[in-house]
Amino acid sequence: MNREDVPHAEMAMVCLNDFEQYARLHLPKATWDYYAAGADDGCTRDDNLQAYRRYAALPTVSHSAPSAALPWSEILGSLTDQIRLRPRMLRDVSVCDTRTTVLGTEISFPVGIAPTAFHCLAWHEGELATARATESLNTCYITSTSSTCSVEEICAAAPHGYRWFQLYVYRHRGISEQLVRRVEVLGYKALVFTVDVPYTGKRRDDIRNRFKLPAHLKVKNFEGTFQDTTGPEEYGVPANTMDPSLSWKDVHWLQSVTRLPIIIKGILTKEDAELAVEHGVQGLIVSNHGGRQLDGGPATIDCLSQIVDTVKGRIEVYMDGGVRTGTDVLKALALGAKCVFIGRPAVWGLAYKGEQGVREVLQILHQEFHLAMALSGTCSHTMPTPGCGVSAARVFQF
């Protein structure tokens, strides 16, 4: 959608919710519904947001056989306490350092762009605008397999940007391997292996709207790949392209075809976090796919501390889902995340003003995060003040 010449309503963009409101008003209904959708009733999608205002213990799930009866104590958590920051005073916060590193590379602050599909639905330049915005702010952009611009076009648009590539492993492994080869040559710095989509979650509005990409848009990374395929499509690729037989052995397969660091996206339990470490990956993203897959699962922030405690620093832990403010970022870092990633807010920024809109979204989060650090009494989120820590009640002091 090309709206460069369309005057924007006079609206102060003060926080990320303002960009959401703008996108809701200006995007076509089917496009808004696609981006906003959660699976089924949308409970997990909504809980990702609400969880920052309270704390729920992580539900633990046994590795028992599917037919085994699980006690309720292993399935349901309880609402035990709240996420609250505990500010300290007279700490000299005249200079606050928001920088961090991910996989050894320094970025300006611990917020990156999560892999989200079809950016050209929101703005005509799509992923090219997103790439330029993240490059200008020196942070990480995880490019989606399901992009409406190719990996080559994205690299050409922002040649100095820091990028990871999100990968699905398909039934036909050759398709995934070919993508890996392309991004290796282009200088992508890591592979983000999405593991929570053996099947696509049920998104009711997409079904009602009979959602499909408009004729002028394609999943550009697959241009020419499926041209001989007939039958129904699902989100731009032939239905049943995903492989529901994926298992941990496929991590070894992926390691056999690349030397890039591998980050697993979609981990929600301490058991799977331990398995990720045992299988030699370099990081994991605590993620429930924005609440678009399994409805009724936990919010990501609720899972974070147990996963961090399980990993014990052996690999890096990141998180996405529900981050809307600088204090949300600070809470996630206090619970042990190395960096957080935002999905829908980046698309709202695109809908507002393309590259400039994404840049404004990131700048607002950066400013809010800097302010939250200062008002909490810490000048470096990576080096908390001695004698400070996180209390058992999840009230954070630095």
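Residues numbered from 1 in each chain as written. Predicted model: local features only at pLDDT ≥ 70, side-chain atom pairs only at ≥ 80, totals over all residues. Heavy atoms only, no water.

Within an unreviewed UniProt entry, the label attached to the chain reads (S)-2-hydroxy-acid oxidase, and the organism entered is Electrophorus voltai. UniProt lists a comment for the chain under the heading Cofactor (unreviewed entry), and it reads "FMN". Its UniProt record, at the heading Sequence similarities (unreviewed entry), says of the chain: "Belongs to the FMN-dependent alpha-hydroxy acid dehydrogenase family." (UniProt positions renumbered as here; feature names shortened; annotations may be inferred.)

Which residues make up the overall build of the chain, and what values do they have?
When you go through the chain residue by residue, the secondary structure sums to 13 helices and 16 strands. Burial analysis of the chain (398 residues in total) assigns 54% to the buried set. Of the roughly 17500 Å² of accessible surface on the chain, 53% is carried by carbon and sulfur atoms. (Helix = DSSP H or I, 4+ residues; strand = E, 2+ residues; numbered from the N terminus. Buried < 20%, exposed > 50% of the residue type's maximum accessible area, 1.4 Å probe, protein only. Areas by Shrake-Rupley, 256 points an atom, 1.4 Å probe, with all protein chains shown as cover.)

Please set out the pattern of salt bridges residue by residue, giving values where relevant.
Scanning the entire structure with this criterion turns up 19 salt bridges. The partner of Glu125 in a salt bridge is Arg132, and the shortest N-O contact between them spans 2.8 Å. Ionic pairing is found between Glu152 and Arg182, a salt bridge with its closest N-O pair at 2.9 Å. You can see Glu152 sitting in helix α6 (residues 151-157) and its partner Arg182 sitting in helix α7 (residues 173-186), a full 30 residues away along the chain. (Salt bridge = Lys/Arg side-chain N within 4 Å of Asp/Glu carboxyl O.)

Outline helix α13 (residues 344-376), supporting the account with residue identities and numerical values.
For α13, built from 33 residues, the straight-helix expectation of 48 Å at 1.5 Å per residue is missed by more than 12%, its first-to-last C-alpha distance being only 27 Å. Downstream of α13 by one or two residues, Gly377 has phi in the positive range, about 90°. (Expected span 1.5 Å × (residues − 1).)

So, the nonpolar core: which residues are in play, and what are the values?
Core analysis: the biggest nonpolar cluster contains 103 residues, and Leu254, Leu284, Ile301, Leu304, Ile307 and Met319 have the highest contact counts within it. Broken down by element, this core gets its largest block of residues, 15 residues, from α13. Those residues within four positions of Leu284 in sequence are excluded, and the remaining contacts are Ile263, Ile264, Ile267, Ala273, Ala276, Ile307, Val311, Ile315, Glu316, Val317 and Tyr318. (Core = buried A, V, L, I, M, F, W, Y, C linked by side-chain atoms within 4.5 Å. Contact = heavy atoms within 4.5 Å.)

Requested: an account of the UniProt feature "binding site: glyoxylate" (unreviewed entry) in the chain, with residues and values cited.
The UniProt feature table records "binding site: glyoxylate" (unreviewed entry) at Tyr34, Tyr168, Arg203, His289 and Arg292. Lining the largest cavity, from this annotated set, are Tyr34, Tyr168, Arg203, His289 and Arg292. Along the chain, Arg203 falls in the loop between β9 (191-194) and α8 (204-209). In this structure Arg203 comes out as buried when scored by relative accessible area, which is 8%. Residues in contact with Arg203, not counting those within four places in the same chain, are Ala37, Gly38, Tyr235, His289, Arg292 and Gln293. (1 Å grid on protein atoms, 1.4 Å probe; cavity = no way out; pocket = protein on both sides within 12 Å on 5 of 7 lines; lining within 4 Å.)

Give me the lowdown on the packing of α7 against helix α9 (residues 249-257), citing residues and values where you can.
Contact geometry of α7 with α9 gives a least axis separation of 10 Å together with a crossing angle of 45°. Viewed along their axes, α7 and α9 adopt a mutual orientation that is oblique. Between α7 and α9 the crossing geometry is right-handed. Contacts between α7 and α9 pair Arg173, Ser176, Glu177, Val180, Arg181 and Glu184 from the former with Asp250, Trp253, Leu254 and Val257 from the latter. Here the residues of the contact of α7 with α9 are counted per class, giving 4 nonpolar, 1 polar and 5 charged. (Axes fitted to C-alpha atoms, helices over the stretch in contact; angles between N-to-C directions. Parallel < 35°, antiparallel > 145°, perpendicular 65-115°, else oblique. Left-handed = near helix turned anticlockwise from the far one by under 90°. Nonpolar A, V, L, I, M, F, W, Y, C, P; charged D, E, K, R; others polar.)

Break down the packing of aromatic side chains for me, with residues and values.
All chains considered together, the criterion is met by 16 aromatic pairs. With centroids separated by 4.7 Å and ring planes inclined at 5°, the aromatic side chains of Tyr34 and Phe211 adopt a geometry described as stacked. In this pair, Tyr34 is assigned in helix α2 (residues 29-36) and Phe211 in the loop between α8 and β10 (233-234), connecting sequence segments 177 residues apart. By relative accessible area, which is 6% here, Tyr34 ends up buried. The class for Phe211 is buried, based on a relative accessible area of 15%. Here the aromatic cluster, defined as three or more aromatic residues joined through ring pairs, consists of Tyr34, Tyr35, Phe118, Phe211 and Tyr235. Geometry around Tyr188 places Arg163 over its ring, the cationic atom sitting 5.6 Å from the centre. (Phe/Tyr/Trp six-rings, centres within 6.5 Å; stacked < 30°, edge-to-face > 60°. Lys NZ or Arg CZ within 6 Å of the ring centre and 35° of its normal.)

Hey, could you go over the environment of Tyr188 for me, with residue numbers and the actual values?
Tracing the backbone through its elements, the reader meets Tyr188 in the loop between α7 and β9. For the pair Tyr188 and Phe165, spaced 23 residues apart in sequence, the C-alpha separation works out to 6.6 Å. Contacts of Tyr188, omitting those with residues within four sequence positions, involve Thr143, Val151, Ile154, Cys155, Arg163, Trp164, Phe165, Val183 and Leu260.

So what's going on with the pairing of β9? Residues and values would help.
Going residue by residue along β9, you find Leu191 and Phe193 tucked away on one face and Val192 and Thr194 tucked away on the opposite face as well. As paired elements, strand β8 (residues 162-167) and β9 share 3 bridges and run parallel to each other. Within β9, the position partnered with Leu167 by the bridge is Phe193. In this fold, β8 hands off to α7, which returns the chain to β9; that crossover is right-handed. (Pairing = 2+ DSSP bridges. Right-handed = clockwise from strand over helix to strand, strands pointing away.)

Tell me about unusual backbone geometry, and name the residues and values.
The phi dihedral of Asp92 falls on the positive side, at around 55°, and the residue is not glycine. You can call Asp92 exposed: its relative accessible area is 57%. One non-glycine residue, Leu103, lies in positive phi territory at about 50°. Considering the arrangement of structural elements, one finds Leu103 in the loop between β4 (100-102) and β5 (105-107).

Please give an account of the pairing of β8 that cites residues and values.
Within β8, 6 of the 6 residues are buried, which leaves it mostly tucked inside the rest of the structure. Of the two faces of β8, both are covered, the one formed by Tyr162, Trp164 and Gln166 as well as the one formed by Arg163, Phe165 and Leu167. Pairing of strand β7 (residues 140-143) with β8 involves 4 bridges; the strand directions are parallel. The residue of β8 that forms the bridge with Thr143 is Phe165. Between the parallel elements β7 and β8, the chain passes through α6 in a crossover that is right-handed.

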